[in-house]
Amino acid sequence: MASYHPTRREIVLVLILTTILVLILQFDLSSTFSNSVSRGPGSGFTIGFDSSRNSRISSPSGGSEEDWIDELHSKTSKIAGMSEAKIKWDEEGAGSMTQVLAHAPGWTVFDQIYLFNGTWYIVTDNPSSIPLLRLMVSTGNEIWNDEESIKGREPTEKDMRIIFPSEAKRLWGNSASLVSGVSFLVNDPPQFLDHYYHFAAELLVGLWRTYSSLDPTINAQGITHLPSPSRMVMPHVPAGKWNDYAKMNSFLSRAIFPSMSYEYQNDFLDRADTTRSFIFERVVFADRAAAFRGPEFGKTWRTASEAVTLQASKYWWSPIRKNLIEFVGGGNAENDLAGDMGLGIGLDAEPDVDLIALEEEEGALVEEKEEMLEKLRKEKQAKMGKPVITYVSRQEWGRRMLKKQSHESLVKELKELEKKYNWEVNIVSMDKLSRDEQIRLSARTTVMMGVHGNGLTHLLWMNNQNPRSTVIEFFYPGGFAEDYEFTCRALGIRHYGMWDDQAFTAPDTPQVAYPEGFQGNEIPLNGKVVADLIVQRLLVEKPEKSQREMTESEYAG
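Residues numbered from 1 in each chain as written. Predicted model: local features only at pLDDT ≥ 70, side-chain atom pairs only at ≥ 80, totals over all residues. Heavy atoms only, no water.

### Here we look at the pairing of strand β12 (residues 388–392)
Stage number 1. Across the five residues of β12, five count as buried, placing the element largely inside the fold.
Stage number 2. Along β12, one buried face is formed by Val388, Thr390 and Val392 and the opposite face, lined by Ile389 and Tyr391, is buried too.
Stage number 3. Examined bridge by bridge, β12 and strand β13 (residues 424–428) share five bridges and lie parallel to one another. What sits directly across from Thr390, in β13, is Asn426.
Stage number 4. Regarding the hand of the β-α-β motif, the stretch spanning β12, helix α15 (residues 404–421) and β13 is right-handed.
Stage number 5. Alignment of β12 against strand β14 (residues 447–451), held across four bridges, turns out to be parallel. Opposite Val392, over in β14, you have Gly450 as the bridge partner. (Buried < 20%, exposed > 50% of the residue type's maximum accessible area, 1.4 Å probe, protein only. Helix = DSSP H or I, 4+ residues; strand = E, 2+ residues; numbered from the N terminus. Pairing = 2+ DSSP bridges. Right-handed = clockwise from strand over helix to strand, strands pointing away.)

Rendered as structure tokens:
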């Protein structure tokens, strides 16, 4: 039989067809792997728990930072389809184990944590890599300071367990029902949740700081790779029991996270009642009582102080503020965050002339001095934009108020500043404004002040990228509480406390104290000293290292 010799044309056709087939197969395999990462927990990269409490992320791909951040969050960026309701794994349990992505006492991020019969299960073949349970979880009982209550908050095996894959297989086999996306889990009683400060400045700040530690690339415009949370789960809270009297808590939540749903105590019990296991793709787990056991809480008495120890972008708060300001129609939040709207942004240069010193200079001609002062004020005003000063008054509240003459003196001095420098001055009772108005005003405010009280929680919405942003808090002499000082420090806003005519700021803050008169209506204040402090902050001081950078350095050390 004669041998067959293919022609050159036939060889070329075979090569072309082979190349096309290889490309088709490569595309199909790539697509399959991509889909498996999106829906299959624990594929494609490794995340380790670091005992220093800072989140640490590693990727074998060796790509750019943004590439592996996208990879990290790809599996929580899409909703599972009907065919993906169940996650299954092989006999060895590969791909079914829990990972701790970030942790500080009371604040933990889990990937692939299990819920079975009302108990949380961490499945791992390396239990020593998991933080102490008591630093992650509690029983969720109410928080009181007697010895019995303290013991009653210690976690039991009903609350959370660490088990090997072999025990997980014995309990629920080689599959679990998937709860896709990111869940915010609030393992607290309603005791503190129905208060605006505790919800917004502790819980929300702590949850977001913990979650944002997974994305160090968050920028000044509030752009992040993090998927929006899919749900908030409150296992110990009946529906509606987490809202404050003004319903600010639910307003914030639905404004900032419009896609987030809510599961309450009965919903949690319904899951337990199925007697089936659920695997939660990613959970940001908050526990107030567990945070009490951390070292930072002992310094500040604020639970979020533990979360702030986690490394994050210096713009970590920007996505939250951006979403809320856009919701209330507060202008272009992205430009505001970037510093394009003025309000003192960029005043890093030393002033050419000390205005106060010039005002006090003797021997200069009055007309000449006034003309020069007016020129300098206009030049400086043009550079910094028009500052907004907001005095949050409690004079109609009936508790914790300034003396009548102190209030009137402060108002008089603020009006003088308005007249002299053409600054915007607002004297408001926040409860008389709508929620939208409160947030819009706070977002524009450069200097916020008031007696220690809930209205100062609105400092959360000030432009913390403005080096002139300042909060001045009035206390009864000798009294001090950490609430707003810590919150300012966490966000990078300068805070001053006032005892009548004495001002103090970090790091020289007094010990926490609540003397007789702290809650009373006879709090003294020297309005002239407050006015001079405002002028100093807005016109005289050279913006030093930002409060945010100081805070980050402090926690890094």
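Next, the rest of the story.
### Focus on the nonpolar core
Stage number 1. Judged by nonpolar contacts, the single largest core of 68 residues is most densely connected at Phe184, Trp317 and Trp461.
Stage number 2. The contacts of Trp317, once residues within four sequence positions are left out, are Leu204, Val205, Trp208, Leu460, Trp461, Asn464 and Leu491.
Stage number 3. Counting residues in hydrophobic clusters, the runner-up holds 26 residues, among them Val411, Leu414, Trp423 and Met498. (Core = buried A, V, L, I, M, F, W, Y, C linked by side-chain atoms within 4.5 Å. Contact = heavy atoms within 4.5 Å.)

### Some thoughts on unusual backbone geometry
Leave glycine aside and you will find that most residues have negative phi; peptide bonds, for their part, are mostly trans.
Stage number 1. A cis amide bond, omega 10°, links Ala506 with the succeeding residue Pro507.
Stage number 2. The phi dihedral of Gln112 falls on the positive side, at around 60°, and the residue is not glycine.
Stage number 3. Within the fold, Gln112 resides in strand β5 (residues 107–116).
Stage number 4. For Gln112, a relative accessible area of 1% gives the class buried.
Stage number 5. Backbone geometry at Asn117 places phi at a positive 55°, although glycine is not the residue there.
Stage number 6. Structurally, Asn117 can be placed in the loop between β5 and β6 (119–123).

### Structural notes on the pattern of salt bridges
Stage number 1. Applying the stated criterion across every chain, the model contains 20 salt bridges.
Stage number 2. Two residues, Glu202 and Arg288, come together in a salt bridge whose shortest N-O distance is 2.9 Å. Remark: Arg288 occurs in helix α8 (residues 288–291) and Glu202 occurs in helix α5 (residues 196–212); sequence separation between them is 86 residues. Arg288 carries the same exposure label as Glu202, and that label is buried.
Stage number 3. Among the salt bridges present, the one from Arg271 reaches Glu263, with a minimum N-O distance of 2.9 Å.
Stage number 4. Among the residues examined, Glu263 registers a relative accessible area of 13% and is labelled buried.
Stage number 5. Within the structure, one salt-bridge network assembled from shared partners comprises Glu202, Arg288, Arg302 and Asp483. (Salt bridge = Lys/Arg side-chain N within 4 Å of Asp/Glu carboxyl O.)

### What to know about the confidence of the model for the chain
Stage number 1. Chain-level pLDDT for the chain is 84 on average; 75% of the residues reach the 70-or-more range.
Stage number 2. Counting interchain partners and residues more than four positions distant, the pLDDT-below-50 stretch residues 337–353 has 45 contacts. (pLDDT = per-residue confidence, 0-100.)

### Quick look at the side chain of Glu413
Stage number 1. Among the structural elements, Glu413 can be located in helix α15.
Stage number 2. Lys412 provides the closest opposite charge to the buried, salt-bridge-free Glu413, at an N-O distance of 4.6 Å.
Stage number 3. Excluding residues that lie within four positions of it along the chain, Glu413 makes contacts with Gly527, Lys528 and Ala531. (Lys, Arg positive; Asp, Glu negative; His and termini not counted.)

### Considering the sheet that holds strand β17 (residues 502–504)
Stage number 1. Strand order across the open sheet formed by six strands is β13-β12-β14-β15-β16-β17, with mixed pairing between neighbours. Two strands lie at the open edges of the sheet, namely β13 and β17, each paired on one side alone. Shown here is a sheet whose adjacent strand axes are inclined to one another by a mean of 20°, direction ignored. (Axes fitted to C-alpha atoms, helices over the stretch in contact; angles between N-to-C directions.)

### Remarks on helix α17 (residues 483–491)
Stage number 1. Burial analysis of α17 places nine of its nine residues in the buried class, the great majority of the element.
Stage number 2. Of the residues making up α17, those classed as buried are Asp483, Tyr484, Glu485, Phe486, Thr487, Cys488, Arg489, Ala490 and Leu491.
Stage number 3. Looking at the residues trailing α17, positive phi occurs at Gly492, about 90°.

### Considerations on the packing of helix α6 (residues 248–256) against helix α11 (residues 318–327)
Stage number 1. The interhelical angle for the contact between α6 and α11, taken along N-to-C directions, is 100°, at an axis separation of 8 Å. One element, α6, and the other, α11, form an angle in the roughly perpendicular class. Each of Phe251, Leu252, Arg254, Ala255 and Ile256 in α6 lies in contact with α11, whose residues at this interface are Ile320, Asn323, Leu324 and Phe327.
Stage number 2. Its residues placed into classes, the contact of α6 with α11 shows seven nonpolar, one polar and one charged. (Parallel < 35°, antiparallel > 145°, perpendicular 65-115°, else oblique. Nonpolar A, V, L, I, M, F, W, Y, C, P; charged D, E, K, R; others polar.)

### Topic: a nonpolar patch on the surface
Stage number 1. A contiguous nonpolar patch, built from Ile16, Leu17 and Ile20 and spanning about 290 Å² of accessible area, is present on the exposed surface.
Stage number 2. Mapping Ile16 onto the fold places it in helix α1 (residues 8–39).
Stage number 3. Residue class for Ile16 comes out partly exposed when judged on its relative accessible area of 44%. (Patch = residues over 30% accessible without salt bridge, like charges linked within 9 Å, V, L, I, M, F, W, Y side chains within 5 Å. Areas by Shrake-Rupley, 256 points an atom, 1.4 Å probe, with all protein chains shown as cover.)

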